[in-house]
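Survey of secondary and tertiary structure
If you want the building blocks of each chain, they are given just below.
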Amino acid sequence: MTSYTVSIEPIGVDIQCRDDQAVLDACLREGIWLPHACTHGTCGTCKAEILDGEVDFGDASPYALLESERAEGAALICVAKPRSDVTIEGDVDAEEGVDVHPVRDYSGMIESVSDVTPTVRRVIIAVDEPVAFNPGQYVLLRTPSGDERPYSIASTPQDSSRIELHIKLSEGGLCTAGWVFKNLAGGDRVAFSGPYGRFSFRPLREEPMLLLAGGTGLAPMKSMIRHIAETGAEHEVVLYHGVATVEELYDREWFAELDAEHDWFSYRPAVSREEWQGRTGRVPTLLAQDYPKAAGNVAYICGSPSMVADTMKALMNARLFPRNIYREDFFDSADRANGNNVVRSPLIKR
Ligand SMILES: Cc1cc2nc3c(=O)[nH]c(=O)nc-3n(C[C@H](O)[C@H](O)[C@H](O)COP(=O)(O)OP(=O)(O)OC[C@H]3O[C@@H](n4cnc5c(N)ncnc54)[C@H](O)[C@@H]3O)c2cc1C
Ligand code: FES
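Residues numbered from 1 in each chain as written. Chains lettered and ligands numbered in written order. Predicted model: local features only at pLDDT ≥ 70, side-chain atom pairs only at ≥ 80, totals over all residues. Heavy atoms only, no water.

What follows deals with the overall build of the protein. When you go through the protein residue by residue, the secondary structure sums to eight helices and 19 strands. Taking 350 residues into account, the globule formula puts the C-alpha radius of gyration at 20 Å, and the protein, at 20 Å, falls close to it. In terms of its C-alpha atoms, the protein occupies a principal-axis envelope of roughly 60 × 50 × 40 Å. A sequence separation of at least 24 residues applies to 70% of the contacts in the protein between residues at least 6 apart. (Helix = DSSP H or I, 4+ residues; strand = E, 2+ residues; numbered from the N terminus. Rg over C-alpha atoms; globule rule 2.2 N^0.38 Å. Contact = heavy atoms within 4.5 Å.)

In structure tokens form, the structure reads like this:
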């Protein structure tokens, strides 16, 4: 194994990166926070210019990194590995009030695996040592085959002995159908790394928070809401949770109770494909009804790429613009293969 020097401009910092390691991974482990979202070569957020030296471009989606961009010296550093000493131009991303937690490897034991809906499992990992993260961030869970999959953390940094994940079954999926929904059980040892992502609670933003979740996009929202409740941070929060059928509305009692107990929190569950006692419709539709004007709020959207895209549109129609919107797209291997969800606007926060 060879190690190369990666120089990061314009900050002029040199770090070491192994030839089997992605450049972004080496940076994040040194606490150098460069823009990234999916960490799987799918979204294009981590695109950086290679000013000098050679890289192996890795498994970059051709939709996220065009052939012409490659030829001009750009790379997706979440999958690019050094083949010589390299210099990159990186948009080092520090934001006031958002802590930087260097990425680390962690291990733990499965404390429980429970069905919260017919297609969603809550996985609790008792961690060997506390995991430092910002509410909203995610981990890369290592599967028995050695592949990694991103999952948002639903627990809070205050609960340092365990992390909670909400995992939805993907038919034919390697991690879910092939492991989590097949034979993962209490007592199993697991490994993961983290924390990753820029989708996290912004404590210094004082505007009312609109949390817009589809399916297991609820996980990072639960982390943020619990964090606010546990720390007594003063934020007004409205949570929309959109699902197709009532049985998919998990953790409903917990959120309803919190809503009943606190003025700062409002819970708005939404079911799109069947009538029930509550509101029927997709999150973007209900949002448009409730917020003809959304300016003055800060929004966090998380769910499937199509849910995120439609909700973005609804917010922008309601005059809430990208600088006030944070998003996490739950890309999977199918999105990677068909490339229809690359976000091209640098204005959109991830
Ligand atoms: C930042 C982030 C956070 C996430 N957080 C969560 C979370 O908290 N909870 C959650 O449930 N999910 C989350 N996801 C999604 C999750 O990481 C996985 O993508 C999902 O669980 C599927 O993993 P899998 O290995 O089971 O499926 P995969 O093996 O990755 O396959 C997914 C689907 O694509 C199909 N497929 C595989 N390869 C191809 C191909 N080449 N062409 C076409 N189709 C293909 C499969 O048949 C399957 O239907 C997150 C994703 C991201 C990017
Ligand atoms: S973070 Fe590199 S392509 Fe998404």
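Time to look at the site of ligand 1. Looking at ligand 1, there are 24 residues lining it, with Arg 149, Pro 150, Tyr 151, Thr 176 and Ser 333 nearest. Residue Ser 170 places a side-chain N or O atom 3.5 Å away from an oxygen atom belonging to ligand 1. Here ligand 1 has 970 Å² of accessible area as a free molecule, and 77% of this is covered by the chains. If you list the elements that add at least two residues to the shell around ligand 1, you get strand E11 (148-152), strand E12 (162-168), strand E19 (325-329) and helix H8 (333-338). Top element by residues in the shell around ligand 1 is E11. It accounts for four residues. Split into classes, the residues belonging to the shell around ligand 1 amount to 10 nonpolar, eight polar and six charged. Structurally, the shell around ligand 1 is a two-domain feature, drawing no fewer than three residues from each of domain 2 (104-196) and domain 3 (209-338). (Near = heavy atom within 4 Å. Polar contact = N/O pair within 3.5 Å; in protein donor to acceptor, adjacent residues only side chain to side chain. Areas by Shrake-Rupley, 256 points an atom, 1.4 Å probe, with all protein chains shown as cover. Nonpolar A, V, L, I, M, F, W, Y, C, P; charged D, E, K, R; others polar. Domains from an automatic or database assignment.)

On to a nonpolar patch on the surface. A surface patch of nonpolar side chains, amounting to about 180 Å² of accessible area, comprises Ile 11, Val 13 and Val 92. Tracing the backbone through its elements, the reader meets Ile 11 in the loop between strand E1 (3-9) and strand E2 (13-18). The exposure class assigned to Ile 11 is partly exposed, which follows from its relative accessible area of 39%. (Patch = residues over 30% accessible without salt bridge, like charges linked within 9 Å, V, L, I, M, F, W, Y side chains within 5 Å. Salt bridge = Lys/Arg side-chain N within 4 Å of Asp/Glu carboxyl O. Buried < 20%, exposed > 50% of the residue type's maximum accessible area, 1.4 Å probe, protein only.)

Counting 32 residues, the largest nonpolar core has Val 6, Ile 77 and Ile 88 as its most contacted members. If you list the elements that add at least two residues to this core, you get E1, E2, helix H1 (23-29), strand E3 (47-52), strand E5 (74-76), strand E7 (86-89) and strand E10 (138-142). In terms of residue count, the dominant contributor to this core is H1 (five residues). Both domains that meet at this core, namely domain 1 (3-89) and domain 2 (104-196), each give it at least three residues. (Core = buried A, V, L, I, M, F, W, Y, C linked by side-chain atoms within 4.5 Å.)

Further remarks concern the side chain of Asp 335. When you line up the elements, Asp 335 lands in helix H8. For the buried Asp 335, no salt bridge is present, and the opposite-charge side chain at shortest range is Arg 336, 10.0 Å distant. A distance of 2.9 Å separates a polar atom in the side chain of Asp 335 from the backbone nitrogen of Asp 332. (Lys, Arg positive; Asp, Glu negative; His and termini not counted.)

Our next topic: the domain arrangement of the protein. Assigned domains within the protein: domain 1 (3-89), domain 2 (104-196) and domain 3 (209-338). Centre-to-centre, using C-alpha coordinates, domain 1 lies 27 Å away from domain 2. In total, domain 1 and domain 2 occlude about 610 Å² of area from one another, counting both sides; carbon and sulfur atoms represent 45% of this. Considering only the side of domain 1, the residues that lose the most area to domain 2 are Arg 29, Thr 39 and His 40, jointly responsible for 58% of the buried surface there. Linking domain 1 with domain 2 are one salt bridge, by the criterion used here. Note that Asp 105 is salt-bridged to Arg 29, the shortest N-O span being 2.9 Å. In this assembly, domain 1 and domain 2 are joined by five residue pairs in polar contact (both at pLDDT 80 or more). Class assignment of the residues belonging to the side of domain 1 that touches domain 2 gives a composition of four nonpolar, three polar and two charged. (Buried area = accessible area lost by both parts, 1.4 Å probe.)

A word on the environment of Glu 274. Inspection of the secondary structure assignment puts Glu 274 in the loop between strand E16 (265-271) and strand E17 (279-280). Sequence separation between Glu 274 and Ala 22 is 252 residues; the distance between their C-alpha atoms is 45 Å. Among residues more than four places away in sequence, those in contact with Glu 274 are Ala 244, Thr 245, Val 246 and Thr 280. For Glu 274, the side chain forms a polar contact with the main-chain nitrogen of Val 246, separated by 2.9 Å.

Bringing helix H7 (residues 305-317) into the picture now. In an α-helix, one full turn covers 3.6 residues, which means residues spaced three or four apart are oriented alike. For H7, built from 13 residues, the straight-helix expectation of 18 Å at 1.5 Å per residue is met to within 8% by its first-to-last C-alpha distance of 18 Å. For H7, the set of buried residues is Pro 305, Met 307, Val 308, Thr 311, Met 312, Ala 314 and Leu 315. Where H7 is buried, its residues touch strand E14 (209-214), helix H6 (283-290), strand E18 (298-303), E19 and H8. One or two residues past the end of H7 sits Arg 319, with phi positive at roughly 70°. (Expected span 1.5 Å × (residues − 1).)

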